[in-house]
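# An overview of the molecular structure
Each chain is listed here by its residues.
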Amino acid sequence: MRPSCFLVCILLCCCEAQAGEPASARLDDAQRAFFTAYCTDCHGADTQEGKLRLDNISLAIETVEQADRWQKILNQLNSGEMPPEDATQPEPARKTEFLDALSRTLALARKIIGDQGGRIALRRLNQREYRNTLRDLLGVEVDTRDLPSDSGTGTFDTVGASLYMSSDQIEQYLALGRSALDEYFTRAAAHEHKTFKAREEAEIVGNRRMNNLYKDTKAAHDNYVRWTAAVDEAAKRSENVATAERLRKQTEKPRPSSGVPYATPMHFYLDWDQIAGAPSPTEFGFQDAQKAFFDETQYRNHFVYYDDYQKLPARETGAWLLFYQAYRETYVSAGEKWPTGRYTLRMRVAANDAANRERRFVEIGQRGDDPSDFSVLGACQVTGTLAEPQTIEFPVEVRSSAKREFAVREKRPNSRKAEIRSYHDELEKTGRGPVPAIWIDWFEIEGPAKAPIAAAVSLVAESHDAAAARDVIQRFATRAFRGRAPSADYLDRLVALFEARRGHGDSFDEAIKEPLGVVLASPSFLYLLEPSPGDEHRRLDSLELASRLAYFLWSSPPDDELLALARSGELQQTEVLATQVDRMIADERSWQFVRGFTHQWLGMDRLDFFQFDFKLHRGFDDSTKAAAREEVFQTVACLLRDDLSLRSLLKSDFVIVNSLLATYYGLDGVRGDAFRKVSLPADSPRGGLLGMAAILAMGSNGQCTSPVERGAWVLRKLLNDPPPPAPPNVPQLARLEGKLLDVRERLRAHQEQPQCANCHRKIDPIGFGLENFDAAGRWRTEDMYQLKGGAKKTWTIDAAATFHKGPAFKNYFDLRDIVASKSDAFARGFTEALVEYALGRPCGFIDEELVADVLSQARRQDFAMRSFIQALVASDTFQSK
């Protein structure tokens, strides 16, 4: 059958369907000849490139999975990617007829399958949603890190297929719920607010430590000098001359057992007992010779540092935080009996004018059980001077389950090893350690805040009888179930639990925790329930719509305003719903959407896959990496808050940075720790995702760049043209080991493998265009590769390349312009991700019309970010089960 006849058959099927016959979507058998001629050589039984086999593909499109596969085939044929350039090409007319037939068949399949597909799976709250829901309900924070991971088959942690439930989790939910209730009642019992305060005076502790180190190190050195002099004196005696000469010759090579290389003839003194009459090191205060040499090495490495410290200004009123060793941090402890809650850390600090700009930052962190453990909570710029110190405030949370010690230190490298290396680099260069950069007067903690997070419902009862308990349980369960009142039978059983506990002598508060804990572990709380009789599609009711909207934009339950509009039925009015979307975006809770969606959409978990080599990327420490990550979130938040175009993520004349990241980027005039919009010079490589350090760092291994990772990321996330998965058994290019090759030479050799060339010709050019950014996202014009033996090759970076099938670009700026010109593809990928995140299921074939409609509405508003959300929320799909 000719394709044109096939289309007539399709139309007849449609007419018959309207008359009551079941419609079907099927390509004619004659269309298989097209596959046999142009597709099965690469996608047959023996050769399945891209893990795709087409020789046995069903011509009937009856399921979502079949439709998705045919849709991808249509996209590849439409784009010209398939058949590949080196394969036999179909006649234009024949290809056009086939594409026309396939398009119409898919349109029919979409209508048929859409009537039964697209169901949103029943799903539980993910970790973020569970934590936020407890916080809104009870006004307390819980630690959910021990719950199972939410990652699974879906891209997002909202996808129901990934959110399983196990019996172990039920036990965890019961324990977490009880812990949250305990904290709630503890706070409720504290009728009289009391403020606690602790202060660390830096000059008392810091200078005492440094004075002791100075004195102890010098005393040990003096004792070492006296001991070695006494050994030398004994060695001069006639009976010891031959022995001493033999021992001194052994000092030419360090003894392996010593463990530490020394620049002194240490082995001579290690064998002091072979010199007749030589005094023991114990006579001079040393445990043994090894300890004597250790103390002397400490003197040689650090005494100048300690001596210089004695000469620093303002020591009578404060102390200097040292980069390495000794007084590296100061800390305060929240008392064990202090209530949990939000506290404020304050510090009075100043920066040393002699310290470079990059070091004028402090890190605030929480100490662990080991004093060396330090979890960074944030970094702050120090702009104060010794003449005019500044006071910095930083919010912290005191929790019952965490160490209650908070510390401040100078911003430092991302590992202890890197810190030591940095210190010794400065020591070798100047003969002294790094100049102290931060002076601190005092450091204190005060709180808790007078108004903790407000609970959604009060659990305090005026009377303590069963009727009061029933009222509390009913109000609590109704709010916990997102506005759904529990049944009378359910309430009866919960009240019976309360009465049983009271019968065992529990107080009212202790007894009421039992039924409330059951509520917090019940399916109506842990699951987003949208029951539907049978398999029928239906519109969500008002309360269901309120919950879906709240968990989409806040990752938390609906508030009083949403619930009131839902109960009145007004929420389902188009104008009211649109107004609520704007209100919710303006609310600070929308940060949950920004962080949760953006992190997963852009695949930012890769930023934590590896540690960055501090020797190669000194500025990219943990605080800088955290600021780089925050730049991505803050930029998306800015577009959402100000309703700017999504195109700004591809190219913009501004960045959203704080002083720390501005310093890293080399931008002047940015002071303070708050992120804000900063205009860029015309020639800046920043502005848009391609210029962000976090995005660029993900395309590396912590040491060097990976053009393949970067190119593939751009194809997936910006151009909505993901490359196929790598074929199995990719050959290792062992023949390149030990060869000094630049990036292009190495990847060119990789493309010699036929199973690799097809994908890399699309991926690699984009990666080459980003090579001016190093592995940590800093701009450069040269690159270098060094072998383990020391040989190295340096080359000027050439960022010119050509997209597969064009166009060409001369440099990174041309590449960015080309990517920015493809905003339609970017907007489509964004829309598909938004649909998946909002609906909790993969965005697939049946969502083509929804995606097209959202894109159409957003395009009319120049892709303003809010327009995507408004169009999606207003759709029948979002408002249906």
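Everything numeric here is computed off the predicted structure, so don't read it as measured data. (Residues numbered from 1 in each chain as written. Predicted model: local features only at pLDDT ≥ 70, side-chain atom pairs only at ≥ 80, totals over all residues. Heavy atoms only, no water.)

## Comments concerning the overall build of the protein
Selection rule: By the criteria applied, helices consist of DSSP H or I runs no shorter than four residues and strands consist of E runs no shorter than two, each listed in order from the N terminus. Exposure classes here rest on a 1.4 Å probe applied to the protein chains alone. A residue is buried below 20% of its type maximum, exposed above 50%, and partly exposed in between. Here a residue-residue contact requires only that any non-hydrogen atoms of the pair lie within 4.5 Å. Areas reported as accessible are Shrake-Rupley estimates using a 1.4 Å probe. Residue values count occlusion only from the protein chains shown.
A count of helical and extended segments in the protein gives 29 helices and 17 strands. Within the protein, buried positions represent 51% of all 881 residues. In the protein, 73% of the contacts between residues at least 6 apart in sequence involve partners at least 24 apart. Total accessible area computed for the protein in this model is approximately 40700 Å², and 49% of it derives from carbon and sulfur atoms.

## Regarding the nonpolar core
Selection rule: Grouping buried Ala, Val, Leu, Ile, Met, Phe, Trp, Tyr and Cys residues that are joined through side-chain atoms within 4.5 Å yields what is termed a nonpolar core.
Of all hydrophobic cores here, the largest spans 111 residues; its most connected members are Phe552, Leu689, Phe868 and Ile869. Residue contacts for leucine 689: discarding those within four places in its chain leaves Leu602, Val632, Leu649, Ile695, Trp713, Leu718 and Phe826. Residues Leu322, Val349, Val362 and Val396 belong to the second largest nonpolar core, which totals 44 residues.

## Thoughts on unusual backbone geometry
Here the residue pair glycine 447 and proline 448 is connected by a cis peptide bond, since its omega of 0° sits within 30 degrees of zero. Tracing the sequence through the fold places proline 448 in the loop between strand 10 (438-447) and helix 12 (466-480). In this structure, the amide linkage connecting glycine 806 to the following residue, proline 807, adopts the cis form with an omega of 0°. With respect to the helices, strands and loops of the structure, proline 807 is situated in the loop between strand 16 (801-802) and strand 17 (808-809). Phi is positive for alanine 314, which is not a glycine, with a value near 65°. Alanine 314 gets classed as buried once you look at its relative accessible area, which sits at 16%. Although it is not a glycine, lysine 805 adopts a positive phi angle of roughly 70°. Note that lysine 805 resides in the loop between strand 16 and strand 17. Residue classification places lysine 805 among the partly exposed positions, given a relative accessible area of 44%.

## Observations regarding the environment of leucine 571
Secondary-structure assignment places leucine 571 in the loop between helix 17 (560-568) and helix 18 (574-586). It is 7.6 Å that separates the C-alpha atoms of leucine 571 and alanine 546, two residues lying 25 residues apart in sequence. Ignoring sequence-local partners within four residues, the contact set of leucine 571 consists of Ser542, Leu545, Ala546, Leu562, Leu565, Ala566, Val576, Leu577 and Gln580.

## A word on the sheet that holds strand 4 (residues 329-333)
Strand pairing in a sheet takes place through backbone hydrogen bonds and is either antiparallel or parallel in direction. Defined as follows: Two strands are counted as paired when DSSP detects at least two bridges linking them. Only the stretch in contact is used when a helix axis is fitted, and all axes are lines through C-alpha atoms; the angle between N-to-C directions ranges over 0 to 180 degrees.
Strand order in the open sheet formed by four strands is 4-9-6-7, with antiparallel pairing between adjacent strands. The open sheet terminates on both sides in strands that have one partner only, identified here as strand 4 and strand 7 (374-381). With strand direction ignored, the average angle separating the axes of adjacent strands in the sheet is 25°. Across five bridges, the pairing between strand 6 (residues 361-367) and strand 9 (residues 405-410) is antiparallel. Within the sheet, the bridge partner assigned to valine 362 lies in strand 9 and is glutamate 410.

## A few points about the packing of aromatic side chains
The line we're drawing: Centres within 6.5 Å are what make two rings of Phe, Tyr or Trp a pair, Trp counting through its six-membered ring; a difference in plane orientation under 30 degrees is then read as stacked, over 60 as edge-to-face, and the rest as tilted.
This model, assessed by the stated rule, comprises 40 aromatic pairs. Relative to tyrosine 812, the ring of tryptophan 779 lies with its centre 5.9 Å away and its plane at 65°, an arrangement referred to as edge-to-face. Of this pair, tryptophan 779 sits in the loop between helix 25 (754-769) and strand 14 (782-786) while tyrosine 812 is found in helix 26 (residues 812-820), placing the two residues 33 residues apart along the sequence. For tyrosine 812, a relative accessible area of 0% puts it in the buried group. Relative to phenylalanine 868, the ring of phenylalanine 863 has its centre 5.8 Å away and its plane inclined at 25°; by these criteria the two rings are stacked.

## Some details on the pattern of salt bridges
Under the convention used in this document: Salt bridges are identified by distance alone: a Lys or Arg side-chain nitrogen within 4 Å of an Asp or Glu carboxyl oxygen.
In this structure the tally under the stated criterion is 67 salt bridges. A salt bridge links arginine 248 to aspartate 232, with the shortest nitrogen-to-oxygen separation between them at 3.2 Å. Placement of the pair is arginine 248 in helix 8 (residues 241-249) and aspartate 232 in helix 7 (residues 202-235), with a sequence separation of 16 residues. Judged by its relative accessible area of 23%, aspartate 232 is partly exposed. Of the charged contacts, one joins arginine 647 and aspartate 862 as a salt bridge, the two residues approaching to 2.8 Å between their closest N and O atoms. Remark: aspartate 862 occurs in the loop between helix 28 (848-859) and helix 29 (865-874) and arginine 647 occurs in the loop between helix 20 (622-642) and strand 12 (654-657); sequence separation between them is 215 residues. For arginine 647, a relative accessible area of 32% gives the class partly exposed. Taking relative accessible area as the criterion, aspartate 862 reaches 40% and is therefore assigned partly exposed. Sharing partners across several salt bridges, the network here consists of Lys197, Arg199, Glu201, Arg346, Glu393, Glu444 and Glu446.

Read these as layout, nothing more, since geometry by itself doesn't imply function.
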